[in-house]
Amino acid sequence: MNDSRGILSQAPVVPVLAIENLDDAIPLAEALVSGGIPVLEVTLRTPVGLPAISAIREAVPDAIVGAGTVVNAADFEAAVEAGSRFVVTPGLTQGILDTASGSEVPLIPGVATVSELMRALDYGFDCLKFFPAEASGGAAALRAFAGPFPNVNFCPTGGIGLHNIDEYLGVKSVLTVGGSWLTPGSLLAAQDWDAVTALARAAVEHVSTFRAKQ
Ligand code: 3PG
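These remarks concern the structure in this document. (Residues numbered from 1 in each chain as written. Predicted model: local features only at pLDDT ≥ 70, side-chain atom pairs only at ≥ 80, totals over all residues. Heavy atoms only, no water.)

**What to know about the site of the ligand**
Lining the immediate environment of the ligand, one finds V16, R45, K129, F131, T157, G158, G159, G179 and S180. In the model, an oxygen atom of the ligand is placed 2.6 Å from a nitrogen or oxygen of the S180 side chain. Across the complex, the protein chains shield 79% of the 310 Å² of accessible surface that the ligand would expose by itself. (Near = heavy atom within 4 Å. Polar contact = N/O pair within 3.5 Å; in protein donor to acceptor, adjacent residues only side chain to side chain. Areas by Shrake-Rupley, 256 points an atom, 1.4 Å probe, with all protein chains shown as cover.)

**Some remarks on the sheet that holds strand β6 (residues 110-111)**
The strand order across the open sheet built from three strands is β6-β7-β8, with neighbouring strands paired in parallel fashion. Looking along the sheet, the strands with just one partner apiece sit at the ends: β6 and β8 (153-156). In this sheet, strand β7 (residues 127-130) lies alongside β6 in parallel orientation, the contact comprising two bridges. Across the sheet, the residue bridging to G110 is K129, located in β7. Against the sheet, helix α7 (residues 138-145) makes contact with β7 and β8, and its axis sits at roughly 150° relative to β7, the strand it touches most. (Pairing = 2+ DSSP bridges. Helix = DSSP H or I, 4+ residues; strand = E, 2+ residues; numbered from the N terminus. Contact = heavy atoms within 4.5 Å. Axes fitted to C-alpha atoms, helices over the stretch in contact; angles between N-to-C directions.)

**Remarks on the pattern of salt bridges**
All chains considered together, the criterion is met by two salt bridges. A salt bridge links R5 to D126, with the nearest nitrogen and oxygen atoms 3.2 Å apart. One end of the pair, R5, is in helix α1 (residues 4-9); the other, D126, is in the loop between α6 (114-122) and β7, with 121 residues separating them in the sequence. Given a relative accessible area of 24%, R5 falls into the partly exposed group. Its salt-bridge partner being K129, residue E41 comes within 3.8 Å of it at the nearest N-O pair. Placement of E41 in strand β2 (residues 39-43) and of K129 in strand β7 is noted, with a sequence separation of 88 residues between them. Just as E41 is buried, K129 falls in that class too. (Salt bridge = Lys/Arg side-chain N within 4 Å of Asp/Glu carboxyl O. Buried < 20%, exposed > 50% of the residue type's maximum accessible area, 1.4 Å probe, protein only.)

Printed below as a string of structure tokens:
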């Protein structure tokens, strides 16, 4: 599926990746995919974010790679050019909304408030990143959003890890949860891809056990 809801529905969790070394892109993506995590958000926080997206798109066909930390229209266009299957932003700008509205690549815009959510809806975006989740009211805020906006779905991100993921998975509107905890800097620095796969497997198992009980 090419829509944002379809993509997030295939993601037990979404790792938020800040790749420093381009040579790590492919083994990192392979490690996550073999741990059961196909949807990868590669942030543009590092100079190699865009080439890392292109490399993963080309070499890891089972990965669904998108761009994160896209903060303006030029970034959006560069992310699409690099081969991103989806684009995630931490917030909303007019430029991003206008550019994404005319693009075939789905946008998952970041919102933290009801007014931002309403602005996203004005442009037809109803599958959103809730960021920064913990600092913006956490799972309780998402439950409150569901009253007036029962058809909006979320990928909360920001301050989430295995210690608090259940709070979010328990909210009906939450399709999946994102975060950087799956790829600690120490494992990337050590290029310990087996450990990345093990963390991925643990997260996938945790989510599927939780969902099976719901
Ligand atoms: C993001 O861009 O989604 C966040 O920086 C990830 O937040 P985390 O590092 O707290 O998981």
